[in-house]
Amino acid sequence: MAKAPVLTPQSEDFPRWYQDVVAKAELADNGPVRGTMVIRPYAWALWEHMQAAVDRRIKAAGAENAYFPLFIPESYLRREAQHVEGFSPELAVVTHAGGKELEEPIVVRPTSETVIGEYMAKWIQSYRDLPLLLNQWANVVRWELRPRVFLRTTEFLWQEGHTAHATAEDASAYALRILHDVYADFMETQLAMPVLRGRKTRRERFAGAVNTLTCEAMMGDGKSLQMGTSHELGQNFAKAFDIVYSDDAGQQQHAWTTSWGASTRMVGGLIMCHGDDAGLRVPPAVAPIQVVVLLIRDEGDARAEAQRIAGALTDRGVRVRLDDRVDTGFGRRAVDWELKGVPVRVEVGPRDLAEGNVTVARRDQPDKATLPLAAVVDHAAAALDEVQAGLFARALAHRESRSADVKTVEEAVEAARTGFARIPYAALGEEGENRLASDAITVRCLQRPDGSVPDADDEPDLVAWVGRSY
RNA sequence: CGGGGAGUGGCGCAGCGGUAGCGCACAGCCUUUGGGUGGCUGAGGUCGUGGGUUCAAAUCCCACCUCCCCGACCA
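Residues numbered from 1 in each chain as written. Chains lettered and ligands numbered in written order. Predicted model: local features only at pLDDT ≥ 70, side-chain atom pairs only at ≥ 80, totals over all residues. Heavy atoms only, no water.

Provide a residue-level description of the packing of helix 2 (residues 41-60) against helix 8 (residues 265-274), including the pertinent values.
Close contact between helix 2 and helix 8 brings their axes to 10 Å; oriented N to C, the two are set at 110°. On the basis of the axis angle, helix 2 is roughly perpendicular to helix 8. Viewed along their axes, helix 2 and helix 8 form a crossing whose handedness is right-handed. The segment helix 2 lies against helix 8, with Leu46, Trp47, Met50 and Val54 engaging Met266, Val267 and Leu270. By residue class, the composition of the contact of helix 2 with helix 8 is 7 nonpolar, no polar and no charged. (Axes fitted to C-alpha atoms, helices over the stretch in contact; angles between N-to-C directions. Helix = DSSP H or I, 4+ residues; strand = E, 2+ residues; numbered from the N terminus. Parallel < 35°, antiparallel > 145°, perpendicular 65-115°, else oblique. Left-handed = near helix turned anticlockwise from the far one by under 90°. Contact = heavy atoms within 4.5 Å. Nonpolar A, V, L, I, M, F, W, Y, C, P; charged D, E, K, R; others polar.)

If you want it as C-alpha cells, here you go:
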C-alpha cells in the first residue's frame, strides 16, 4: 500500500477526481469535436443495464417505443414561442447538404416535442385514440457552453417519452406516474441513489412546459444533479401542432401532452454519488461485472477452484468475470477492479486454499472476509444485495448530513456552500430566487412538508430545496 | 461572453537563449507474484499555429488557435 494515490483525492479537487475516474476506469474519452464523448465498453455496458431497467419501467407504464428522425425542419421549432426561445441558442443547424445550400435549414434535434407533435396530430382523431403513449431512445444535440463528460455533452443519449391525453388531469397524473414509477423507482432501487422528487419553480421550468417535475440527487461534493424530468406541456404543443380530437360529444378539443427524459447524464450521477478515493462503486443491480473472481497465483488447484467458483456464480445468474491474468501483479489487478467499482471480489490463491479458504472483499467496505470454500458462492451472491443496500444507505446518510433547515435567504446561501438548504418557499419567493442566482444557487425543487410533490407553486407551506447544481 | 490557468512523446510534467529531458504507460528479457515488485534494454516528440528578434528560439516579442477550471445556459 501507501503508493502514490491512483486518483486525485475527492477532498482535494472533486472535478479533477471525477475526470481521473472517467479516464482510469476506462469509462469515456473526449471526442474530437468539442463537447462530444466516446463511451468506452465498460461504461457502455453500464449504460445498457441502466437502459434496460428504465425501458422495462416505461413499458410497464404503458408507453410504446418508436423512432423519429434526427433532423427537424427549423420551422417546427418556431411554432412554440417558449420552446424556440429556450432552445435557439443551443441548436446545431444544417444549412448545407448534398453540395448545396438548403432552402430551409434543418435542425439537429435538441429534443423531439416538435416532430413528434406533428405526427401525433396526424394519428389522433378521436378520444378513442387517447392516451397516446410514446417513447424513443435517441441521441440529441445541444450546443452547450460548458460541456463535461456524461454530465453535459454536446451529443447525448437518452429516452424521451411523449404522450397525449384527453384531459389535463390525465396528463398531469401520467407525468407524475412517470416521475415516481419510472424515474425515482429506477434511481433508488437500481442506481441506489436517493432522489428528491419535486416540482420546479417557474424559473427552472422546461421551455414550453406548464409544469416540470424532477428527480434531484446529491453528489459526493454536496452539489445537486437533475437526474430526470417529467413535464406537463398543457395544451401548448397541441395548439402549436394542431393535436386535436373529437370528444364523446363530437366536439373538437386540443389534447394535453407530456414529455419526460433521462439521459447518459445518469452515468455521471452514479459516478459522483457513489465514487470514493479508490474509484467507482457500481451498484450491483446495474454493474456490468457483479463479481470478479481473481486468481492470485496459478499454483496447485487455485485455477481450477477459481473457475469452479466463477462457474457456480454464473449458474446462479450472477454476472461474473474470471481474472486469471497472473502475469500481472496481484496488487495492480486489485486496484484496477476497485477503480472500476466491481461490487464483490473473490480472491483465490494457494495460501488460503491450503486451509480450505478464499477471501471475499466488498467494494463498499474496506476490510475483507476469509471464508471456507464451501460458503463462498452463497456469501458472494448475498453480498450483492448487501452492497446494493449499503450504497443506498450511505448516499442517503450523506445527503441528510449535508441538508439543513434554514429560515432566511442568507442562511440558505451559507448552507448551499456544502449541501442543500430547506427553506419555506414563502420566505424565498421569486425575489429570493433571484438573490440566490447571484451566488449560482438555485431552487432544485419544491415539495410539500411531507415530502410529496405539489400540484401548484402557490400551495401553502411549500418547502424549497436549495443548492448548487451541475 | 466574463474571470483564472495551460498548450513539450499515449498520459502527467520539468526545461525558459546554445544538439529535447523525467515519471507513468508501452515492447522485449530477467526478477517478482497474497495490495500498483525491482532491474536491464528499446520504441516513441516538426516543443499548439503563423510571423518577428538573434550567429543560434521549446525558451524572448507580436498575433492567432485550442484545451481545462470557475460563472451565465442546461438532461
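Here the narrative resumes.
Which residues make up the environment of Glu118, and what values do they have?
One can find Glu118 in helix 5 (residues 113-123). The residues touching Glu118, leaving out its near neighbours within four places in the chain, are Tyr76, Arg79 and Phe241. Of note is the side chain of Glu118, whose polar atom sits 3.2 Å from the side chain of Arg79. (Polar contact = N/O pair within 3.5 Å; in protein donor to acceptor, adjacent residues only side chain to side chain.)

Give a detailed account of the protein's contact with RNA strand B, specifying residues and quantitative values.
Near RNA strand B you find 37 residues, and of these Val6, Arg146, Glu338, Arg345 and Arg351 are the closest. When atoms of RNA strand B within 4 Å of the protein are split into backbone and base, the sugar-phosphate part holds 48%. The contact in question runs from a base oxygen of RNA strand B to an N or O atom on the backbone of Pro350, over 2.9 Å. For the surface near RNA strand B, the elements supplying multiple residues, two or more each, are helix 1 (14-24), strand 11 (224-232), helix 10 (330-339) and helix 11 (350-353). Tallying contributions element by element places helix 10 first for the surface near RNA strand B, with 6 residues. Taken together, the residues of the surface near RNA strand B sort by class into 14 nonpolar, 8 polar and 15 charged. (Near = heavy atom within 4 Å.)

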